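What follows is each chain in one-letter form.
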Amino acid sequence: LPGMERIYSAVGIVSRIPGEGLEFQNVIRNEYEEDYVRKLEIKGFLANTKSQTIEVPSIRVELLDKETERLYEQEQDAPLKRLGAGSRMAFRIVITKPHLMTKYIYLTLVDKK
C-alpha cells in the first residue's frame, strides 16, 4: 500500500524495493590484463521501465563460484542519481584481481549507505 509508506517507515518497516522499475540490460563481462594485473570489467545498461523518474540506488556486484558461494562483493554508485521515464544509462564496473574461481556474476540494486 503506497499510501502507508510513511507509517511503515515510522515504525522501521522497509516497504519498497530499491530500484523498483529499473532493469539491467545488455550486461557483458570482459576479462583482460593491464600492466600485468588481471581485471574484470562488467558493463551494460540500467533502464527505467516506469512512466516516472526514478532515483537510482547503488549497484552491488557479487562474484560467485560454481556452488554460488560469494567470493567477492562491491558496491558502486550509479553514474546518474535519477533516471527519467523510459530512458537508460550505461554503467561500468572494473574489479582488479578478481578471484580465479569466479563462475557467476550477480548484480543487484541496493540503497546507498
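Up top is the structure.
Residues numbered from 1 in each chain as written. Predicted model: local features only at pLDDT ≥ 70, side-chain atom pairs only at ≥ 80, totals over all residues. Heavy atoms only, no water.

Caption draft 1: Structural view of the pairing of strand 2 (residues 37-48). Bridging between strand 1 (residues 22-34) and strand 2 involves eleven bridges; their strand directions are antiparallel. Its bridge partner lying in strand 2, Ile28 is registered against Lys43. Taking the residues between adjacent antiparallel strands as the criterion, strand 1 and strand 2 are bridged by two residues, where Asp35 takes a positive phi near 50 degrees. Note that strand 2 and strand 7 (residues 88-96) share nine bridges and pair antiparallel. Within the sheet, the bridge partner assigned to Gly44 lies in strand 7 and is Phe91. (Pairing = 2+ DSSP bridges. Helix = DSSP H or I, 4+ residues; strand = E, 2+ residues; numbered from the N terminus.)

Caption draft 2: Region of the structure containing the environment of Glu67. As for its position among the elements, Glu67 is in the loop between strand 4 (58-64) and strand 5 (70-76). With 36 residues separating them in the primary sequence, Glu67 and Lys103 have C-alpha atoms 8.8 Å apart.

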